[in-house]
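These are the residues of each chain, in order.
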Amino acid sequence: MLYSKLFGKTSKTAPADADSVNARLLTQAGFVSKQMAGVYNYLPLGLRVLNNIQNIIREEMNMIGGNELLMPTLTQEENYKETGRDVAMSDVLFSTEGAGGAKIYLNPTHEEVITPLVQKFVFSYKDLPLAVYQIQNKFRNEARAKSGLLRGREFSMKDLYSFHANEEDLNRYYEIVKDAYFKIYNRLGIGDITYLTFASGGTFSRYSHEFQTVCDIGEDLIYVCEKCHVAVNKEIIEEQNQCPECGNQDLVTKNAVEVGNIFKQKTKFTSAFKFLYKDENDAEQPVEMAAYGIGPSRVMGTLAEIFHDDKGIIWPESVAPFKVHLLALGKEDEAKNEAKKIYEELSAKGVEVLYDDRDNVSAGAKLADADLIGIPYRVVVSKKTLAQGAVELKKRNEDDVEIIKIDEIVSSF
Ligand code: ATP
Ligand code: MG
């Protein structure tokens, strides 16, 4: 991609209403543009990051047998009346009026859609277990949309739902999803600071689990057992002030962002829709269900909160919008010609490159933009480097600059 042709540019000044590091950096670097409180446009750079995060999640969901589908944004009021969440979730539900005056909700999550949908196709024990998921925007009228992408009113969610013939099978699959979630957080570069957190399951079950990433801006307090790499949340600490795994009472309090949440909903939703299956003896049995969420847009904001310095973002390679940021510095044609050749060869090799080909932009400004945008590898071609028959290679997360011979730079990626 040529930077001169990229829609969305960096800005020297921080947006006046940025209430967080992620809101400021993602806006200044040209990844997002705020529409209104809690609602963002994803510009091309930002969309690449969001897609990369979603694709990591997608790959891991496919690995555990998830069937990807896409449900609608709009759903008729009746479905929410069946579950009682027209009342229980009334504080966050957005609604609109359809033709003829029918009330329509913008889904804040999709239990009211997926449960009756699966019910249309699942009749017998032979149809179970089943796991279906989607990656889609959710709508919640959050009282306080804030912290950039962390708490939006329209936000991206991956929601997986699993359906089982009995609780043992649900418990078996729940553990598989838990492992898949850790694979996801590892690939996103936050595995070591993300804790499986025991949460009060409320009416759903004894326990549900959150995945909490330690981060100063996090709204949640978690109590970490450093021995077991698990934590408990506030509601649980009030009832059991110890590690649920090893009994350790020496828990460390940390701020964290909830980046995922998994629930054993059991028959709460299936019974609301009278969703039964026939067992081996042709007897009707309740279907057991669980739901598993991750917020890709919240993850994107969290990554910017964690991986940055005073110059800008430092993307983990797995989600970065491009692998290489190539800069041609100086007015001389020689540097531009050489950079163009490297750009074409790397692109032909399948390496994703953002090439800053702008004329009339100073070397200092190009270098500052590269730091702000945060692409993992920076390659600089200038009169000075060419005098040595070389280019400069620098990793965004390291200070050292390497001098690489021109004919070796392409093969080094
Ligand atoms: P929170 O307690 O932060 O409001 P939640 O318990 O309401 O989260 P879930 O309904 O379980 O969240 O949603 C699943 C995932 O979706 C969360 O773990 C989080 O990553 C993401 N998410 C939830 N609400 C938002 C939001 N307002 N903005 C961005 N992401 C969100
Ligand atoms: Mg919430």
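Whatever comes next refers back to the structure up there.
Please read all numbers here as calculations on a predicted model, not as lab measurements.

1. Re empty space enclosed by the protein
Turning to step 1, where the next piece is worked out: Across all of its chains, the model carries one cavity of 30 Å³ or more by this definition.
Turning to step 2, where the next piece is worked out: The space that makes up the largest cavity amounts to roughly 50 Å³.
Turning to step 3, where the next piece is worked out: Around the largest cavity, the lining residues are His325, Ala370, Asp371, Ile375, Arg378, Lys394, Lys395 and Arg396.
Turning to step 4, where the next piece is worked out: Elements supplying a minimum of two residues to the lining of the largest cavity: helix 11 (363-373) and strand 22 (390-395).

2. Observations regarding the site of ligand 1
Turning to step 1, where the next piece is worked out: Of all residues adjacent to ligand 1, which total 15 residues, the nearest are Arg140, Glu142, Arg151, Gly152 and Glu258.
Turning to step 2, where the next piece is worked out: Note that a nitrogen atom of ligand 1 is positioned 2.9 Å from one of the backbone N or O atoms of Gly152.
Turning to step 3, where the next piece is worked out: The side chain of Arg298 places a nitrogen or oxygen atom 2.9 Å from an oxygen atom of ligand 1.
Turning to step 4, where the next piece is worked out: Computed on the free molecule, ligand 1 has an accessible area of 590 Å², of which 83% lies beneath the protein chains in the complex.
Turning to step 5, where the next piece is worked out: Judged by the fraction of its atoms near the pocket grid, ligand 1 is located in the largest pocket.
Turning to step 6, where the next piece is worked out: Elements that contribute at least two residues to the shell around ligand 1 include exactly strand 8 (154-164) and strand 13 (252-266).
Turning to step 7, where the next piece is worked out: In the shell around ligand 1, the residues fall into six nonpolar, four polar and five charged.

3. As for the environment of Val39
Turning to step 1, where the next piece is worked out: Structurally, the position occupied by Val39 is in strand 2 (residues 39-42).
Turning to step 2, where the next piece is worked out: Note: C-alpha distance between Val39 and Gly152 (113 residues apart in sequence) is 6.0 Å.
Turning to step 3, where the next piece is worked out: Look past the residues within four positions of Val39 in its chain and what remains in contact with it is Lys34, Arg153 and Glu154.

Each value, and the rule that gives it
Residues numbered from 1 in each chain as written. Chains lettered and ligands numbered in written order. Predicted model: local features only at pLDDT ≥ 70, side-chain atom pairs only at ≥ 80, totals over all residues. Heavy atoms only, no water. 1 Å grid on protein atoms, 1.4 Å probe; cavity = no way out; pocket = protein on both sides within 12 Å on 5 of 7 lines; lining within 4 Å. Points joined across faces, edges and corners; volume = space filled by probe spheres on them. Helix = DSSP H or I, 4+ residues; strand = E, 2+ residues; numbered from the N terminus. Near = heavy atom within 4 Å. Polar contact = N/O pair within 3.5 Å; in protein donor to acceptor, adjacent residues only side chain to side chain. Areas by Shrake-Rupley, 256 points an atom, 1.4 Å probe, with all protein chains shown as cover. Sits in = over half its atoms within 2 Å of the grid points. Nonpolar A, V, L, I, M, F, W, Y, C, P; charged D, E, K, R; others polar. Contact = heavy atoms within 4.5 Å.

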